[in-house]
Amino acid sequence: MSAALAKRRDEARMIFEGRGIPTRRAEEWKYSDLKSALGEAGLGQEAAATRIMGLPQGLEFADLADPNAPAWVSQHLGTLARNAVSEASLAFADGGLALRVPAGQAIAIPLALELSGAGHLRLLLVLEAGASLSLFETGDTAAPRNAGIEIVLGEGAALDHVRLTRPVPGVQVEEIALSLAAKARYSAHFASFGGKLSRLELTIALEGEGAEAHLSGVSVLGGEAHADITTHIIHRKGNTHSTQLFKKVAGGKGRAVYQGRVTVAKGADGADSRQTAKALLLSETAEADLKPELEIFADDVKCAHGAAIGDLDGDSLFYLRARGIPEADARALLIHAFLEDALTNITRDDVRGMVRNAVGHALAALL
Amino acid sequence: MSSPAQLETKAQVAEIGDKYKYGFVTDIEMDMAPKGLSEETVRFISAKKNEPEWMLEWRLAAFRRWLSMKEPKWARVHYPQIDFQDAYYYAAPKNNPLKQSLNEVDPKLLETYNKLGIPLNEQMALAGVAVDAVFDSVSVATTFKEKLNEAGVIFCPFSEAIRDHPDLVKKYLGTVVPVTDNYYATLNSAVFSDGTFVFVPKGVRCPMELSTYFRINASETGQFERTLIIADADSFVSYLEGCTAPKRDENQLHAAVVELVALDHAEIKYSTVQNWYPGDENGKGGIYNFVTKRGDCRGDHSKISWTQVETGSAITWKYPSCILRGDHSVGEFYSIAIANNYQQADTGTKMIHLGANTKSRIISKGISAGKAQNTYRGLVSIYGKAKNARNYTQCDSLLIGGNCGAHTVPYIESRNPTARIEHEATTSKIAEDQLFYCLQRGIPQDEAVSLIVNGFCKEVLQQLPMEFAVEAQKLVGISLEGSVG
Amino acid sequence: MLDIKNLHVTVGGKEILKGLTLSIQPGQVHAIMGPNGSGKSTLSFVLAGRSGYDVTEGSIIYNGEDLKAMATEDRAAKGVFLAMQYPVEIPGVTTMTFLKTALNSQRRKRGESDLDAIGVLKLVRAKAKELNVSEEMLKRALNVGFSGGEKKRLEILQMSIFEPKLAILDETDSGLDIDALRLVAEGVNALRSPERAMLVITHYQRLLDYIVPDRIHVLAKGRIVAEGGKELALELEAKGYEHIVGQAA
């Protein structure tokens, strides 16, 4: 490990130990009490791993702990948004994986990543100017796991990201920090089925003119599953564009959480941001908490958010039943339809099919 | 068409003219409590008001609690540390036995009202509005008593209610905003000076709009108003609160508490136009307004509606809320918040749905200009038993210029599968083509801004009683003058 | 009435009008025709005083006064009216309120007294009837949810209420079907008078069948490239802009 990285990791450990594991008294963790979900054991100091299923050609990789790691690793590692939990992953991950797509390279085959084992892990992904990649992320059910991922997109780079996770009996936390240069594009879909506590936090900085982020996601939660998606998109420059569409279904004692903050910095004229979060509750004991937040410091912007929590539309239900569809089937049909429009953002047909399958299984268990 | 009173109001508003003209100080001898805050201060206030023992005990309990509390820091407002020991907590005009007619009132006070454009006597005669004018914490004139007496409505200064209606006060005081609720509410509970008490008995529709004009006058005197309005079953009352304050350099703290209780099938409509001194264009001075306003829809089919037009104050920290306890109860919040120059507003509401079939509606219009920061902060929470609860929220922000901020922080929580919540928010600016269109048709710039912003706020302005609506429209324009161009 | 000499105008640093000269007498109706991007709308905005349209050279004299030096709303009070191609929507402001505010703003500027609400109502109602503008339309927010025809009729209604000395009609025919066009044109013709000058800006000859101009100017690339009587419109229609513009170049 390089001296600079060792120093940065010491610093990260101090920050984490100083702040401790957040409780719901911390505003950002209001709906997800990490400390009480983890209990006495806490996050531990073990290291988890990242597995790659077949490295596509053209992709470079390095070990974060390697003292001879190339310059692009030290240049970017640990530089993006931080909080106590992501600092913990940096401090305890014991190295980790670094990946790079060199400038102008378009990787045709999707990169399949699996996060594996309990403990902390760290990942750095760099797409240089004009590079493009499709990333398919999954994870095993080991817990507790704390993943810290940094993604750097150079000018005009394009990353397509789909994250599909299984229901986890324990606690999993993932912090993704992204930085986008001018005209870079990040498009992502997150399908989550929860855990005892499951949290995905994205901090996306649109640092260059014309950068774009398009997020969508579905959650299907039953039993006592909890799934929290927290996003913070920062429009730092003009003509940046972001969209978000999150759909959630919660039954049993499931709890769906969405917190989305959009910040438009002073002078980021022409920024355009849409944000939609909707939840359906299917049982007396399920809960949904939505907090779509706007923080606007520029006047020449288009920003809107919408949020809704409700049950199925009575008219639609009646219409289907009037055509002879039994109520249970009609409800299932409408719930599928409710989630479907968030799936259309997934560009690859094969990946969309996999996500749709997983959603189907989860719904079948719930209905 | 307009009643004489409305025309009168319009004429007054027209005279308000171009600038904030409420910047003057009336020189009246004050009866001050010693500077600073201690049990002694609390006892002094209670003694000054000849309060019974139970009231003093209540205040002292609040004070002791307050000592253990911390100032809340979660709002998006920044201000220098307030030194609570460096303020006066009681000031009353001297020699103040209750007056039977205006002739007995200190002519200097009347002069102050006239400067404010509130000709009390004419207003009473023309508008049919009973005015309980609070001048620096103590009521000086209570009018229209007889007419209200006939209807059985109690409308009096809070201090009088403690003396004359102790059972009602004991029964309801602190039941909506508990003594321990928050830092400023607890402070208010310890040192509240005076305020308004309203009780509308069963089945009575209050025969007139009730209105109180608040005014802060004494230098460095915090204002701690206490308002308690109870609408008994099947009753209705509409209450108007309007505020102006003289121009001052020192920041002045205001921490009012308003409690509303609506019983079965009762309705309370509470309207506010808040136009206190916002500080100058460099951010110097201005009122700190930390208010706790909450209504309890305690009865089935009850309704509480808040309408506010907030144009003044350097700092606004205010969340008029509804606890929808009764089944089929309804809560509404209509708000216009304008922040210009260095003003900071953090305002919104909480709709707590406890009962079945409860409904709430939130319409918030925030306008930011200059270097101001304007935040909407709202909570809609549906509890497990609130079957078929409904909420609709619309939050619109308008930015004027690139140096201000507009923020929206909604919390939406549901624990009932039959409930429906809808929330929408937009952010926009005054479009250049809208301004040009108005200018091309001969409308001067400031008037064009006022017209467009009033259009933006229309849904809220429509909720105000006529007398207030006219004044509010003018204030919207006045508070944004010079903000474009 | 209006005397434009060697007018150069830039928008966002780009020169759009490059030495335009034009003169209109009271009672006359002039038409400006020209292909897209020739500077027609720029001319109308410069005359009305829209910010962002910078006069870099030349003069605009209106009734003996320098128009450039006047604020937008002062031009309006002095009788310059621009019927816009895309009338602007202002949510929450009823059409009636807008008309009253604008009318009284202009009157005040001219040193006249305000018309009271009833006076304005009477005036607007009388004019509205002629233009088939319904009472219901006047109660709706200004231009919000109006059809293309309704918007244009409202522009002409404003023209008849404000009684301008110089009326500029920017592509008033765009987006109108034949019935709506006829209605609007009749409204305009009714306002022709010996004291009033009109500048009709259009891309097509069609409108000029209904509003017959005294003189036609063809604008291309920021300059007047051809002028003539009403027959010029027919020639343009028959041969196209390319022919005339090409000839001039």
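Residues numbered from 1 in each chain as written. Chains lettered and ligands numbered in written order. Predicted model: local features only at pLDDT ≥ 70, side-chain atom pairs only at ≥ 80, totals over all residues. Heavy atoms only, no water.

Caption draft 1: Focus on the overall build of chain A. Check the secondary structure of chain A and you find 7 helices and 18 strands. For 367 residues, the compact-globule formula gives about 21 Å, and the C-alpha radius of gyration of chain A, at 20 Å, lands near that figure. Projected onto its principal axes, the C-alpha coordinates of chain A cover approximately 70 × 50 × 40 Å. Surface accessibility of chain A: about 14100 Å² in total, with carbon and sulfur atoms responsible for 51%. On chain A, the mean spot of the 38 positive side-chain charges and the mean spot of the 46 negative ones are 2 Å from each other. (Helix = DSSP H or I, 4+ residues; strand = E, 2+ residues; numbered from the N terminus. Rg over C-alpha atoms; globule rule 2.2 N^0.38 Å. Areas by Shrake-Rupley, 256 points an atom, 1.4 Å probe, with all protein chains shown as cover. Lys, Arg positive; Asp, Glu negative; His and termini not counted. Charge placed at Lys NZ, Arg CZ, Asp CG, Glu CD.)

Caption draft 2: Spotlight on the overall build of chain C. In terms of regular secondary structure, chain C is built from 10 helices and 12 strands. Referenced to the eigenvectors of the C-alpha coordinate spread, the extents of chain C come out at roughly 55 × 40 × 35 Å. When burial is assessed residue by residue, chain C has 53% of its 249 residues classed as buried. Pairs at least 24 apart in sequence give 69% of the contacts found in chain C among residues at least 6 apart. Accessible surface, chain C as shown: approximately 10600 Å² in total, 50% of it carbon and sulfur. Here chain C holds 32 positive side-chain charges and 32 negative ones, and the gap between their average locations is 2 Å. (Buried < 20%, exposed > 50% of the residue type's maximum accessible area, 1.4 Å probe, protein only. Contact = heavy atoms within 4.5 Å.)

Caption draft 3: Representation of the packing of helix α4 (residues 117-130) of chain C against helix α6 (residues 148-162) of chain C within the structure. Residue and element names in this part refer to chain C. Two elements in contact, α4 and α6, have axes separated by 10 Å at closest approach and are oriented at 130°. Here α4 lies oblique to α6, going by the angle between them. Like other packed secondary-structure pairs, α4 and α6 cross with a definite hand, here right-handed. Residues L123, V124, K127 and A128 of α4 lie in contact with α6, whose contacting residues are L157, S160 and I161. The residue makeup of the contact of α4 with α6, split by class, is 5 nonpolar, 1 polar and 1 charged. (Axes fitted to C-alpha atoms, helices over the stretch in contact; angles between N-to-C directions. Parallel < 35°, antiparallel > 145°, perpendicular 65-115°, else oblique. Left-handed = near helix turned anticlockwise from the far one by under 90°. Nonpolar A, V, L, I, M, F, W, Y, C, P; charged D, E, K, R; others polar.)

Caption draft 4: Structural detail: the nonpolar core. With 114 residues, the main nonpolar core has I367 and V453 of chain B as its most contacted residues. Counting residues in hydrophobic clusters, the runner-up holds 98 residues, among them L97, L99, L123 and I149 of chain A. (Core = buried A, V, L, I, M, F, W, Y, C linked by side-chain atoms within 4.5 Å.)

Caption draft 5: Highlighting the packing of helix α1 (residues 3-19) of chain A against helix α4 (residues 84-92) of chain A. All names here are of chain A. Contact geometry of α1 with α4 gives a least axis separation of 8 Å together with a crossing angle of 140°. In terms of axis orientation, α1 runs oblique to α4. For α1 against α4, the interelement crossing comes out left-handed. For the pair α1 and α4, the contacting residues are R8, R9, A12, R13, I15, F16, E17 and R19 in the first and A84, E87, A88, L90, A91 and F92 in the second. Residue classes in the contact of α1 with α4 are distributed as 8 nonpolar, no polar and 6 charged.

Caption draft 6: Examining the sheet that holds strand β5 (residues 65-66) of chain C more closely. Residues and elements named next belong to chain C. The strand order across the open sheet formed by 4 strands is β2-β1-β4-β5, and the pairing between neighbours is antiparallel. The sheet is open, and its two borders are formed by β2 (14-24) and β5, each paired with just one other strand. In this structure, strand β1 (residues 2-11) lies alongside β2, joined through 8 bridges in antiparallel fashion. Bridge pairing links L7 to L20 in β2. Strand contacts of helix α1 (residues 40-48): β1, β2 and β4 (53-62), with the helix running at about 110° to β1, the strand carrying the most contacts. (Pairing = 2+ DSSP bridges.)

Caption draft 7: Fine view of the packing of aromatic side chains. Residues and elements named next belong to chain A. Taken as a whole, this structure holds 26 aromatic pairs over all chains when the rule is applied. Ring geometry for F16 against F92: centres 6.0 Å apart, planes inclined by 80°, an arrangement best described as edge-to-face. Of this pair, F16 sits in helix α1 while F92 is found in helix α4, placing the two residues 76 residues apart along the sequence. F92 carries the same exposure label as F16, and that label is buried. (Phe/Tyr/Trp six-rings, centres within 6.5 Å; stacked < 30°, edge-to-face > 60°.)

Caption draft 8: Expanded view of the sheet that holds strand β3 (residues 29-33) of chain C. Residues and elements named next belong to chain C. Spatially, β6-β9-β10-β3-β11-β12 is the arrangement adopted by the 6 strands of the open sheet, whose pairing is mixed. On the outer flanks of this sheet lie β6 (80-83) and β12 (223-228), each paired with one strand and no other. The sheet shows a mean angle of 20° between the axes of neighbouring strands, taken without regard to direction. As judged from the 4 bridges shared by β6 and strand β9 (residues 166-170), these two strands associate in the parallel manner. Bridge pairing in β9 places F81 opposite A167. Where α1 meets the sheet, its contacts fall on β3, β6, β9, β10 (197-202) and β11 (215-220), and the angle it forms with β10 comes to roughly 145°. Contacts between α6 and the sheet are confined to β6, β9 and β10, with β6 contributing the most and set at about 165° to the helix.

Caption draft 9: Representation of the interface of chain A and chain B within the structure. Each side of the interface is counted separately: chain A has 36 residues, and chain B has 31 residues. Summed over both partners, the interface of chain A with chain B comes to about 2700 Å²; 46% of that surface belongs to carbon and sulfur atoms. There are 4 salt bridges connecting chain A and chain B. Between E295 of chain A and R76 of chain B there is a salt bridge; the shortest N-O distance is 2.5 Å. In this structure, the connection of chain A to chain B is made through 17 residue pairs in polar contact (both at pLDDT 80 or more). (Buried area = accessible area lost by both parts, 1.4 Å probe. Salt bridge = Lys/Arg side-chain N within 4 Å of Asp/Glu carboxyl O. Polar contact = N/O pair within 3.5 Å; in protein donor to acceptor, adjacent residues only side chain to side chain.)

Caption draft 10: Expanded view of the side chain of D194 of chain B. Considering the arrangement of structural elements, one finds D194 of chain B in the loop between α9 (183-191) and β6 (195-200). Only 2.9 Å separates the side chain of D194 of chain B from the backbone nitrogen of F158 of chain B, close enough to count as a polar contact.

Caption draft 11: View of the interface of chain B and chain C. The partner chain C presents 33 residues to the 19 residues of chain B that form the contact. Summing the contributions of chain B and of chain C, the shared interface buries around 2100 Å²; its carbon and sulfur component is 63%. When residues of chain B are sorted by the area they lose upon contact with chain C, F436, Y437 and R441 of chain B head the list and together hold 35% of the total. For the pair chain B and chain C, the interface holds 3 salt bridges. When the shortest N-O distance is used, the salt bridge between E432 of chain B and R50 of chain C registers 2.6 Å. Where chain B meets chain C, there are 10 residue pairs in polar contact (both at pLDDT 80 or more). For the side of chain B that touches chain C, the secondary-structure elements that each account for two or more residues are α10 (432-440) and α11 (445-456) of chain B.

Caption draft 12: Structural context of unusual backbone geometry. Residues and elements named next belong to chain A. Cis rather than trans, the peptide bond between A143 and P144 has omega equal to -5°. Note on placement: P144 falls in the loop between β6 (132-139) and β7 (145-153). At K183, a residue that is not glycine, the phi angle is positive and equals roughly 60°. By the secondary structure assignment, K183 is in the loop between β9 (168-180) and β10 (185-192). Judged by its relative accessible area of 64%, K183 is exposed.

Caption draft 13: Examining α10 of chain B more closely. Within α10 of chain B, 7 of the 9 residues are buried, leaving the element largely enclosed by the surrounding structure. At the C-terminal side of α10 of chain B, G442 of chain B shows a positive phi close to 95°.

Caption draft 14: Broad picture of the side chain of R50 of chain C. Summarising the element assignment, R50 of chain C is placed in the loop between α1 and β4. Separated by 2.6 Å, the side chains of R50 of chain C and E432 of chain B make a polar contact. In this structure R50 of chain C touches E432, D433 and F436 of chain B together with F45 of chain C, once residues within four positions along its chain are discounted.

Remember that the coordinates give geometry; whether it matters functionally is a separate question.
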